[in-house]
Amino acid sequence: MFGRRKNSCIALGCLIVFLSSCGDRHDFAEPLPETVDFNFHIRPILVQNCYLCHGPDPSGRKADLRLDTYNGATSALKEGGHAIVPGKPSKSQLIYRINHKEEDLLMPPPESNYKLTEREKALLEKWIDQGAEWKEHWAFITPSAQLSDKSTTVIDSLIDVKLNQKQLVKSPEANKNSLIRRVSYLLTGLPPSPEAIQNYEEDNASNAYEKMVDQYLNSKAYGERWARHWMDLVRYAETKGHEFDYSIVGAWQYRDYLIRAFNDDIPYDQMVREHLAGDLLETKRYHPESGIGQSPLATAFFAMAEGTHSPVDIKKDEADRIDNIIDVTSKTFQGLTVSCAKCHDHKFDPIPTADYYSLYGVMESTRFTPLDAHWSETKEQTAKEIEEVQAYMRKTISDAWNEPTVAEDKFNSKAKEVLPDTTYQVIGDFRGVDLSGWKSNGVAFGNRTTFGNPIVDPVTGTLLKLKDGHASSRLFGTGIFGTLQSRDFILEKDFISVRARGAKSTIRLVIDNFQLIQDPIYGELEMRVDHEKWQTYTVDVTPWKGHKAYLEILPGGYQGHKYQLPDDAYVEAQYAISYDSKIPQALQGSSEFHSTIDRLNARLKKGKLASRFPELKVPIKKERQLGKNLTSTFFIYGITDGFGIDSPIFNRGNHQEPSEEHIPRGFLSALPQGKVPFTSEGSGRMELANAILHKDNPLTARVMVNRIWHHLFGRGIVETVDNFGLQGKLPSHPELLDYLALTFQNEGWSVKKIIRSIVLSNAFKRSTLHTDALPEADPTNVYLASFPVRRLESEAIRDGILVASQSLNDSLYGRPVATYLTDFMQGRGRPQNSGPLDGDGRRSIYLEVRRNFLEPMMTTFDRPIPFSTFGKRDVTNVPSQSLIIMNDPFVAQQAERMAQRLLTQENLTFEERVTWIYLHSLARKPSPNEVQKAKEFIAMLKKLEAHKEYSEHKELELWKHYCHSIFNLKEFIYLV
């Protein structure tokens, strides 16, 4: 920004600046503040006009000048002088250059298309004159506020401060009809019933409003409403998009998890931990009624990303997937655009590239896998009981024989040192007791091999033999879920072989975390195991040499990328190796472990060891009975921990140019705990969750309460709800935001409590009506002198239509309803069958979200396309929306159903019919003028239809058209 200047200009320029700074030289529409605040007045000017060339990123910095730090802005310039001299604007080069007349010296330079207003120049000058006080960005400062038990009073008093400053007149409280419709829609996404309207109107108690609010907070529909808000943040979808729109296994189970969590008011900090590390929690949360584990289900949000079919460069595909996860995670939980630091230090926020790759390592160390969606506390206890039974059986035999070999932890794969053989690499050897350092997820493989497990006749209790060692998914029976995963390794040799046997099962070589394994490129990386005798399964990996990979062995397999586990599926493995030419002979024959078992079995057969164990008949029977309780039929695609990987930095984001240095996994350096490396052997996601929820982290609570405020008022206190960084908007009420954030934490992170306190405030209850002067004084209603007029979201519009027609199926949870396919919805991945036009009457949250076949009505009314975080939906007003309401067959169908319901009401007068329609659709009674317009409308329709032959359905048609016209009213799709 600052190039060479002519020395002769200095004195004259400084004199001009000095003279101009001696007093106010401009009258501005809004007077300059008495005290200029760096965060709220100065930093926005610098961010928008200066940081691109003089900000945090050194790669684009000009003249070696930083204006994003105090030290940088006040340091001596190479050419002499200082950009900023606190208290002395006349000596500050910044003021000199922004007021310069010559284009080659003016800043910002004309070619940048940035230009400071006279008010912005005056603010900079006054700020420097007042000492140029520098502050950390407001969002990184720990919240502080005066707390009070009367939270609604505090909310209103903090809003009133701004209203008084701006001399804005508050609108009166809205009428009861408007309030109940507002509360019902904003808390549940549904309109109030006529019965609820009547009850509220007739309730004259002083706490009538509070009772009504609590009714909707405790409604089951509340969880559906707020779950849908959250789904926008995590780019919820049930398919992956791209070419074939493959299904995301069990995505709907995650949706149901959210509904339950919001309805049960699970503390927000618990939800954060479950999302980031639900599979790692020492104490997992189980649903109190079903007993099904909830915590791991939350991790499915990681798997909601788009998925590319057969990418040529799978390392780039991994980098893109991780970038999306970092983007969604950082925006959702911290309101920061961390992915901007992928290629270079963030241009505006204090997020260096190293921070991005510290998170990259966390995500790279995380693996995608199916999870048992119905894993329960009962199953967990059952697995422990079976393990105890098996341990008891081994110990009983070991004690009788006085042979420690068959007892627990007496013999393992590391019992004997083997000289290294560079012709091959042992990836896993399961012929001892342990699992060779592999991760066992789920329960199928347990925590040990079959080494020394007894085979006993259940009738006589006779010991027949001891099992040799191998990893087995049928330790507890067949059809039981679990996966066995190796450590990460680099593909250096030509072949990988696994010695295995089984039925309807799978061995997968997962390269660079790429999961959509199939032909034409990657099909051979997935090997089907379906033979009861030991076979050698081999894959040629020469095309992928140098890549990172791991092996995964699992019962069952993928059909069209949907994981399925047949009842009789199982898989067992002896070892896995990599080599260049031939399988090493040393591994093909019997091992020392087999020899040990063979020796014992030979002695048993000759009668030299006790074989009668009648006391084992009961444990054997118990083991078999218990094993039947571990089978799995419902799965969700979630995550599990891999092994810790510290990522290099990719030069300018190019995965093909990694640095030699590896960045320790960790959190953002500008936040508390940001400079503490993660040390866990796994991914570090638990440490990430703890850092995000650290008591000194200023963002987590602020971001969430701001989202809640946004959903209630249509605009956040910080309007850019997903960006609290320097390019985000400043908070309209910073003290209120801090107060809400601290209250949120102090009241146990209860979402319902913070919603209740906001909804009970006078600001929320204000009418949308206002004086003519108010729009001019506050055109965007930032300061809330009146309640903002809001359009309903697409789901609320559709669900409101279903309620009006009395067609809503209000059942909770379950599989999604298939998308209704029009003739225009064509393309690859199109389902064979269409769903019903009315979606079985289910709420919109239960309609299938297919990325390649998004529901037209939802998209038209601005439901976001699920590729990133959308905490704030667009709110458009375009002709296609009117066309949808007028012509969509669903809307026409529901109008007819509403008319049918109307006509079943006996002995209603014309006015009563219109009133019935208004109460069901608009939550109020019609005015006399509206009844008269209805008469005129029906009369017009009769006249238009007069030439047609009489039909017994004529009256139905008339009222169908009238109901349809009500759906087209702006009042129907707006909160007024």
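Reading guide: rules and limits
- Residues numbered from 1 in each chain as written.
- Predicted model: local features only at pLDDT ≥ 70, side-chain atom pairs only at ≥ 80, totals over all residues.
- Heavy atoms only, no water.
- Buried < 20%, exposed > 50% of the residue type's maximum accessible area, 1.4 Å probe, protein only.
- Helix = DSSP H or I, 4+ residues; strand = E, 2+ residues; numbered from the N terminus.
- Arc of directions from axis to C-beta.
- Contact = heavy atoms within 4.5 Å.
- 1 Å grid on protein atoms, 1.4 Å probe; cavity = no way out; pocket = protein on both sides within 12 Å on 5 of 7 lines; lining within 4 Å.
- Points joined across faces, edges and corners; volume = space filled by probe spheres on them.
- Axes fitted to C-alpha atoms, helices over the stretch in contact; angles between N-to-C directions.
- Parallel < 35°, antiparallel > 145°, perpendicular 65-115°, else oblique.
- Left-handed = near helix turned anticlockwise from the far one by under 90°.
- Nonpolar A, V, L, I, M, F, W, Y, C, P; charged D, E, K, R; others polar.
- Disulfide = S-S within 2.5 Å.

Draft legend 1. Expanded view of helix H19 (residues 617-627). Looking only at H19, the buried set comprises Pro 619, Ile 620, Glu 623, Leu 626 and Gly 627. Taken end-on, H19 shows its buried residues confined to a sector of 135°, consistent with a single buried face. Exposed residues on H19 whose side chains face more than 90 degrees from its buried face are Val 618, Lys 621 and Arg 624. Structurally, H19 contributes buried residues whose contacts are with helix H16 (377-401) and strand S4 (454-456).

Draft legend 2. Spatial organisation of empty space enclosed by the protein. The final tally for this structure, using the stated rule, is eight cavities of 30 Å³ or more. Looking at the largest cavity, its volume works out to about 180 Å³. As for the largest cavity, its lining consists of 16 residues, and the residues nearest its centre are Lys 240, Glu 306, Arg 321, Phe 368 and Gln 515. Among the elements that make up the lining of the largest cavity, the one with the highest residue count is helix H14 (residues 314-334) (three residues).

Draft legend 3. Just the packing of helix H11 (residues 220-233) against helix H21 (residues 700-713), in detail. Contact geometry for H11 and H21: axes closest at 12 Å, N-to-C directions at 120°. By the angle class used here, H11 and H21 are oblique. In terms of crossing hand, the pair formed by H11 and H21 is right-handed. For the pair H11 and H21, the contacting residues are Trp 226, His 229, Trp 230 and Leu 233 in the first and Met 704, Arg 707, Ile 708, His 711 and Leu 712 in the second. Per-class residue counts for the contact of H11 with H21 are six nonpolar, two polar and one charged.

Draft legend 4. Representation of the layout of surface pockets within the structure. Estimated volume of the largest pocket: approximately 1600 Å³. Around the largest pocket, the lining is made up of 49 residues, and of these Phe 40, Lys 162, Leu 730, Pro 731 and Tyr 783 lie nearest the centre. Secondary structure elements with two or more residues in the lining of the largest pocket: helix H2 (38-49), helix H6 (118-129), helix H7 (151-166) and helix H22 (734-746). For the lining of the largest pocket, the leading source of residues is H2, giving seven residues. Residue composition of the lining of the largest pocket, by class: 20 nonpolar, 15 polar and 14 charged. Size it by volume and the second largest pocket reaches roughly 900 Å³.

Draft legend 5. Quick look at unusual backbone geometry. Residue Pro 108 is reached from Met 107 by a cis peptide bond, and omega for that bond is -5°. Position of Pro 108 relative to the elements: it lies in the loop between helix H5 (93-98) and H6. Here Asp 519 and Pro 520 are connected by a cis peptide whose omega angle stands at 15°. The residue Pro 520 is located in the loop between strand S9 (495-511) and strand S10 (526-540) in this model. In this structure, Trp 749 takes a positive phi of about 60° despite not being glycine. Assessed through its relative accessible area of 11%, Trp 749 is described here as buried.

Draft legend 6. Representation of the state of the cysteines in the model. Taken as a whole, this structure holds zero disulfides when the rule is applied. Of the cysteine sulfurs around Cys 50, a residue in no disulfide, the closest is that of Cys 53, at 8.8 Å. A relative accessible area of 6% means that Cys 50 is categorised as buried. For Cys 53, a relative accessible area of 24% corresponds to the partly exposed category.

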